[in-house]
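# A closer look at the structure
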Amino acid sequence: MIDTVIFDFDGTLVNTNDVIIEAWQHTYKFYSGNEMPVDHITKCFGEPLLITMAREFPEVAPEESAEVYRLHQREKADELVKLFPGIEDMLKAVKAAGYKVGVVTSRTKESTEFYMEKFGITDYFDSIVSCDDTDKHKPNPEPLLLGLRKLGAEAESTLMVGDSAFDIKCANNAGVKSVLVDWRITGADDKLKDCKVDYMIENPMSLLDVLKEAK
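Here's what I pulled together on the structure shown here. (Residues numbered from 1 in each chain as written. Predicted model: local features only at pLDDT ≥ 70, side-chain atom pairs only at ≥ 80, totals over all residues. Heavy atoms only, no water.)

Turning next to the pairing of strand β7 (residues 177-181). Within β7, 4 of the 5 residues are buried, which leaves the element mostly enclosed by the surrounding structure. Looking at chain direction, strand β6 (residues 158-162) and β7 are connected through 4 bridges and run parallel. Paired with Gly162 across the bridge in β7 is Leu180. Each parallel crossover has a hand, and for β6 linked through helix α8 (residues 165-174) to β7 it is right-handed. Relative to strand β8 (residues 199-201), β7 is paired through 3 bridges, and the arrangement is parallel. Bridge assignment links Leu180 to a residue of β8, and that residue is Met200. (Buried < 20%, exposed > 50% of the residue type's maximum accessible area, 1.4 Å probe, protein only. Helix = DSSP H or I, 4+ residues; strand = E, 2+ residues; numbered from the N terminus. Pairing = 2+ DSSP bridges. Right-handed = clockwise from strand over helix to strand, strands pointing away.)

Structural data, given as structure tokens:
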């Protein structure tokens, strides 16, 4: 019986896609003068920022390039970041039904809490696991296993909802059932073919049907 739902954050609950792409293009232009193809950027969605920075800008300290990225993202947040339609209604329904609810994200705790407060969804969550909480990151199962421990939940009674192969593979590795959202922009991600997707949902409220089915 499912009693716990753990969500990815970016691209799953909050539409940060446009601001992430904008911030990456700004960072590429800052260091090289050129932008990169959007599909090159979206393939990195779900990966911890410092790991991507070290690979993309090896000549620069990752924290330095990340700060260029973060400053631009904060400047554009009000303009570009939105909740996906239907997310708040879904969270309200899941919480009202008595499920334990958590977030496991590759975003920092500070920025995750910033956006939660911005959109008024903080109270729907019982715990947050961010990239600050563990040295290992999705698709390694450790962040999700930590999320389970924080919630006092068992793998077999938990759903992980995400938009990327990083999320789904993390769920697979942790022994948690996976839910892939169909509003993702990482739909062409070849890495998904190596993942076991237990459920796919077309819109946020469809998660309630999954929860009924999974009982």
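What follows picks up the thread again.
Of the volumes computed, that of the largest pocket is approximately 730 Å³. Lining the largest pocket are 36 residues; nearest its centre among them are Leu49, Tyr69, Ser106, Arg107 and Thr108. Residue contributions to the lining of the largest pocket peak at 6 residues, all from helix α4 (residues 62-80). Tallied by class, residues from the lining of the largest pocket come to 12 nonpolar, 11 polar and 13 charged. (1 Å grid on protein atoms, 1.4 Å probe; cavity = no way out; pocket = protein on both sides within 12 Å on 5 of 7 lines; lining within 4 Å. Points joined across faces, edges and corners; volume = space filled by probe spheres on them. Nonpolar A, V, L, I, M, F, W, Y, C, P; charged D, E, K, R; others polar.)

Glancing now at the nonpolar core. Core analysis: the biggest nonpolar cluster contains 49 residues, and Phe7, Leu13, Trp24, Leu91, Phe125 and Leu207 have the highest contact counts within it. At 6 residues, helix α1 (residues 17-32) tops the list of elements feeding residues into this core. Contacts of Leu91, omitting those with residues within four sequence positions, involve Phe7, Leu13, Ile121, Tyr124 and Phe125. The next biggest cluster of nonpolar side chains, apart from the first, holds 14 residues, and it includes Leu146, Leu148, Ala153 and Ala174. (Core = buried A, V, L, I, M, F, W, Y, C linked by side-chain atoms within 4.5 Å. Contact = heavy atoms within 4.5 Å.)

Here β6 lies mainly inside the structure; 5 of its 5 residues are buried. Along β6, one buried face is formed by Thr158, Met160 and Gly162 and the opposite face, lined by Leu159 and Val161, is buried too.

The next point concerns the pattern of salt bridges. Tallied over the entire structure, the rule returns 15 salt bridges. For Glu142, the salt bridge identified is with Arg149, shortest N-O distance 2.9 Å. Here Glu142 falls in the partly exposed class, since its relative accessible area comes to 24%. Since its relative accessible area comes to 53%, Arg149 is described here as exposed. One connected set of salt bridges, linked through shared partners, spans Asp8, Lys138 and Asp167. (Salt bridge = Lys/Arg side-chain N within 4 Å of Asp/Glu carboxyl O.)

Attention shifts here to α8. Counting buried positions over the 10 residues of α8 gives 7, a clear majority of the element. For α8, the complete set of buried residues consists of Ala165, Phe166, Asp167, Ile168, Cys170, Ala171 and Ala174. Where α8 is buried, its residues contact α7 (142-151), β6 and β7. The positive-phi residue at the C-terminal boundary of α8 is Gly175, with phi of around 75 degrees.

Within this structure, the stated rule accounts for 8 aromatic pairs. A ring pair is formed by Trp24 and Phe57, whose centres lie 6.3 Å apart and whose planes are at 20 degrees; its orientation type is stacked. Here Trp24 is found in helix α1, whereas its partner Phe57 is found in the loop between α3 (49-56) and α4, with 33 residues between them in sequence. Note on Trp24: relative accessible area 5%, which makes it buried. Classification of Phe57 by relative accessible area gives buried; the value is 3%. A ring pair is formed by Phe84 and Trp183, whose centres lie 6.2 Å apart and whose planes are at 55 degrees; its orientation type is tilted. Of this pair, Phe84 sits in the loop between β3 (82-83) and α5 (87-96) while Trp183 is found in the loop between β7 and β8, placing the two residues 99 residues apart along the sequence. Comparing Phe84 with Trp183, the two get one shared label, buried. An aromatic cluster is built from Trp24, Tyr28, Phe30, Tyr31, Phe57 and Tyr69, whose rings are joined through pairwise contacts. (Phe/Tyr/Trp six-rings, centres within 6.5 Å; stacked < 30°, edge-to-face > 60°.)

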